[in-house]
Each structure stands twice: as C-alpha cells, then as structure tokens.
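Chain residues, written in single-letter form:
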Amino acid sequence: MIELCQPPDPSPRIPILKCPPGTTDCHVHVYGPASRYPVASTRAFDVPDALPSTLKELLDTLGVDRVVLVQPSGYGTNNQRHLEALSEVGRPARMIASLRADVSDAELERLNSAGVRGIRYTIGHAGAAPLEEMPEMARRIAALGWHVQLHVMNDGGRAPLVEMQNVLSSLPVDVVLDHVGSVRPSDGINQPSFRALLELLESGSCWIKLSGAYRVADAPPYAEMKPFVDAMLTVNPEHLLWGSDWPHVAFKGKMPNTTDLLDQMLTWVPDEAARKRILVDNPARLYGFEASAR
C-alpha cells in the first residue's frame, strides 16, 4: 500500500527575516488536484493536494517574490502539473523538468519558452529519468543555457557524490545539487561526500541549494549545518541558493513551519549582504530572472 504523506504546516507566520526585493525560493513542488493530474505508477508515496494557490499564499506571507518549481518524482516525467503552475503562482517563476532522451528539439524549445531552465535527475526513485541519459541530455541542453539538477538520496551507506564526481565535472553544463547533497551533519565536516561537494562547488560549475536541513538535522534553525554553510561560503558564495522544499513531502518527523526554513538563514548566514547574494543575486543569474522586483 502506498503511504499518504503528512501535509505541511498550514499556518506559516510572518518571518523574522525581512526578505530583500527579488528573493527567490529555488525549490518547491505542487500537487493536485489528483482528478486532473494523475500521479505516476512508479511513485513511492502519495501527497495531499499542495496547490499553486496555496503556494502563492505561502510565498506572499514569506515575502518571496520569485519561485522555481521542481518536477517531483511523484509525477515521473509528466511535467504538465508544474508547467501549468508557472502561470498560477502569481509571480515570476521558472521550472526544472524531468525529461527522457527521446524528447525532441522542438519540445525542448517549447519548454524553454515556457520557463524551463534545467532537467532533474534523482538517485533513488524508480520513476526518475535514468542517470545513464544525463551526459547526452546535458549536451543537448547546453545550447539553451540550462543546467542539470541532481537529487542525491542518502541511503546511509554509499557516497553517490564521490562516485559521480568525475562524471558531474565533465558535463558541458552547470550542475545544481539539491539539499546540500543530502550530507548529514552527524557524519562530520570531513565526510567524503561533503569534500566532493566542496570540490565541485570550487570548480565554478556547481551550485548548491541550502535546503532540506529538516531531513538531516534536529530542529530549527538547524545550527548543526552552520559549519557546512560556512565552508561553502568560503569556497564559492556566488553559487549558493536557498529553497524551502515546500510541501516537505515524505517527511516522517515533526513537520517544520515553512517560515522556520527561511528564518534559519539568519543563523546560517548572519551577514546581510551575503544573504542577499544567496536569496536574490545568485538565483537571478542562474535562472535568468529580470533585475527588477517589488
């Protein structure tokens, strides 16, 4: 039986952090209604409706001006729900799609015009596009200025970032790693996966999303992650991004209030200018948002 995820906290509060104009949430998903957008048979879990209208209200509350919609595993390679959400969230939006190698050049051009800026691969989900197709797809999307986005599922044993480091470094496009590469602070700052992440970040062709800490750390503001953030800031502060990971699917712990996942940045990045770079300037460059904002 496929398990139904718990929903996100329905009552986000006004954040302590005052978002600078142009702040971008670089990692969200939407779901439903199921009658209109069927989920993939390969899904690992079911998700309660998390509609674009609800996301719009959340981002309004947080003071977030821009958003990046990320194709989740639950929809496989059917991108329609998120493509339609681009015009439903009430602000400038971009999207990361999941695509197979048989996609036509004409379809890639259509998706680019719609606001797609990258393709996502996920280690650990049956419905995800195969990793074997990534090098060829990276070659095809290079002319569009897109990037490859990778979600590394932490399985407690292997170190996928170490195993994939040479392949990722050889791609002709930038690489974006979700959720700080799923590194666990309990494994220490010198763990092989984090060393590989820092080397990729230092190369200048890798970007890291400061997101998903609630999955690997204890409680907001997830201070255990600060040494990792400090190390990344030292290596390449211009390639760091922030994302809420709303609606926090497949999380079995105490659901955080999404506002806490924004306010954590006050602890992680206390310098206001550095926070603005992460919240505004870096995503504007990567996703091609216009300079103007509220």
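Since the model is a prediction, treat every value here as computed from it, not as a measurement.

A.B. asks: Quick rundown of the state of the cysteines? Include the residues and the values.
C.D. replies: Within the structure shown, the criterion is met by zero disulfides. Cysteine cysteine 19 remains unbridged, with the sulfur of cysteine 26 as its closest cysteine sulfur at 12 Å.

A.B. asks: If you had to explain the side chain of aspartate 245 to someone new, which residues and values would you point to?
C.D. replies: Checked against the element boundaries, aspartate 245 lands in the loop between β8 (240-242) and α8 (258-268). You can call aspartate 245 buried: its relative accessible area is 3%. Here the side chain of aspartate 245 touches tyrosine 214 through a polar contact of 2.6 Å, side chain to side chain. A polar contact is formed between the side chain of aspartate 245 and the side chain of arginine 215, at a distance of 3.3 Å. Sequence-distant contacts of aspartate 245, that is, excluding residues within four places in its chain, are made with His27, His29, His179, Tyr214 and Arg215.

A.B. asks: So what about the packing of aromatic side chains? Which residues, and what values?
C.D. replies: For the coordinates displayed, the defined rule picks out four aromatic pairs. Residues tyrosine 31 and tyrosine 75 carry aromatic rings whose centres are separated by 5.7 Å and whose planes lie at 25 degrees to one another, so their mutual orientation is stacked. Here tyrosine 31, found in the loop between β1 (24-28) and α1 (52-62), pairs with tyrosine 75, found in the loop between β2 (66-70) and α2 (80-85); they are 44 residues apart in sequence, far enough to count as distant. Judged by its relative accessible area of 4%, tyrosine 31 falls in the buried class. Measuring from centroid to centroid gives 6.3 Å for tyrosine 287 and phenylalanine 289, while their planes differ by 55 degrees, and the two rings are tilted.

A.B. asks: Give a detailed account of the packing of helix α6 (residues 192-202) against helix α7 (residues 226-235), specifying residues and quantitative values.
C.D. replies: Relative to each other, α6 and α7 sit at 25 degrees, their axes nearing to 9 Å. Between α6 and α7, the angle falls in the class roughly parallel. By crossing handedness, the relation of α6 to α7 is classed as right-handed. Contact with α6, carried on its side by Phe194, Leu197, Leu198, Leu201 and Glu202, involves Phe228, Ala231, Met232 and Val235 of α7 and no other residues of that element. Grouping the amino acids of the contact of α6 with α7 by side-chain chemistry returns eight nonpolar, no polar and one charged.

A.B. asks: Would you mind going over the pattern of salt bridges in detail, with residue names and values included?
C.D. replies: Summed over all chains, the structure comprises 17 salt bridges. Arginine 43 is the salt-bridge partner of aspartate 46, the closest N and O atoms lying 2.4 Å from each other. Looking at aspartate 46, the relative accessible area reads 22%, which means it is partly exposed. Residue classification places arginine 43 among the partly exposed positions, given a relative accessible area of 22%. The salt bridge partner of lysine 276 is aspartate 281, with a shortest N-O separation of 2.9 Å.

A.B. asks: Go over the environment of threonine 267 with me, naming the residues and quoting the values.
C.D. replies: The residue threonine 267 is located in helix α8 in this model. Linking threonine 267 and serine 193, residues 74 residues apart in sequence, is a C-alpha distance of 23 Å. With sequence-adjacent residues up to four places away left out, threonine 267 is seen in contact with Pro221 and Lys226.

A.B. asks: Explain the sheet that holds β1 to me, using residue names and the numbers behind them.
C.D. replies: Ordered in space as β1-β2-β3-β4-β5-β6-β7-β8, the eight strands form an open sheet in which the pairing is parallel. Looking along the sheet, the strands with just one partner apiece sit at the ends: β1 and β8. On average, adjacent strands in this sheet sit at an angle of 25 degrees to one another, irrespective of strand direction. When β2 meets strand β3 (residues 93-97), the two strands line up parallel, connected through four bridges. Residue valine 68 lies in a different strand from β3, and its bridge partner there is arginine 94. Along the sheet, α8 makes contact with β7 (206-210) and β8, crossing β8 at roughly 140 degrees.

A.B. asks: Provide a residue-level description of the pairing of strand β5 (residues 147-152), including the pertinent values.
C.D. replies: Burial within β5 is extensive, with six of its six residues counted as buried. Covered by surrounding structure in β5 are His147, Gln149 and His151 together with Val148, Leu150 and Val152, the residues of both alternating faces. When strand β4 (residues 116-123) meets β5, the two strands line up parallel, connected through six bridges. Its bridge partner lying in β5, isoleucine 123 is registered against valine 152. Once you follow β4 into helix α4 (residues 134-141) and on to β5, the crossover reads as right-handed. Pairing of β5 with strand β6 (residues 175-177), which is carried by three bridges, proceeds in the parallel orientation.

A.B. asks: Explain the pairing of β3 residue by residue, including any values.
C.D. replies: For β3, a buried count of five out of five residues is recorded, marking the element as mostly surrounded by other parts of the structure. Burial along β3 is two-sided: Ala93, Met95 and Ala97 facing one way and Arg94 and Ile96 facing the other are all buried. Traced from β2 through α2 to β3, the parallel crossover comes out right-handed. Alignment of β3 against β4, held across three bridges, turns out to be parallel. By the bridge assignment for β4, alanine 97 is matched with isoleucine 119.

Quick notes on the rules
Residues numbered from 1 in each chain as written. Predicted model: local features only at pLDDT ≥ 70, side-chain atom pairs only at ≥ 80, totals over all residues. Heavy atoms only, no water. Disulfide = S-S within 2.5 Å. Helix = DSSP H or I, 4+ residues; strand = E, 2+ residues; numbered from the N terminus. Buried < 20%, exposed > 50% of the residue type's maximum accessible area, 1.4 Å probe, protein only. Polar contact = N/O pair within 3.5 Å; in protein donor to acceptor, adjacent residues only side chain to side chain. Contact = heavy atoms within 4.5 Å. Phe/Tyr/Trp six-rings, centres within 6.5 Å; stacked < 30°, edge-to-face > 60°. Axes fitted to C-alpha atoms, helices over the stretch in contact; angles between N-to-C directions. Parallel < 35°, antiparallel > 145°, perpendicular 65-115°, else oblique. Left-handed = near helix turned anticlockwise from the far one by under 90°. Nonpolar A, V, L, I, M, F, W, Y, C, P; charged D, E, K, R; others polar. Salt bridge = Lys/Arg side-chain N within 4 Å of Asp/Glu carboxyl O. Pairing = 2+ DSSP bridges. Right-handed = clockwise from strand over helix to strand, strands pointing away.

Nothing here speaks to function; it is all geometry.
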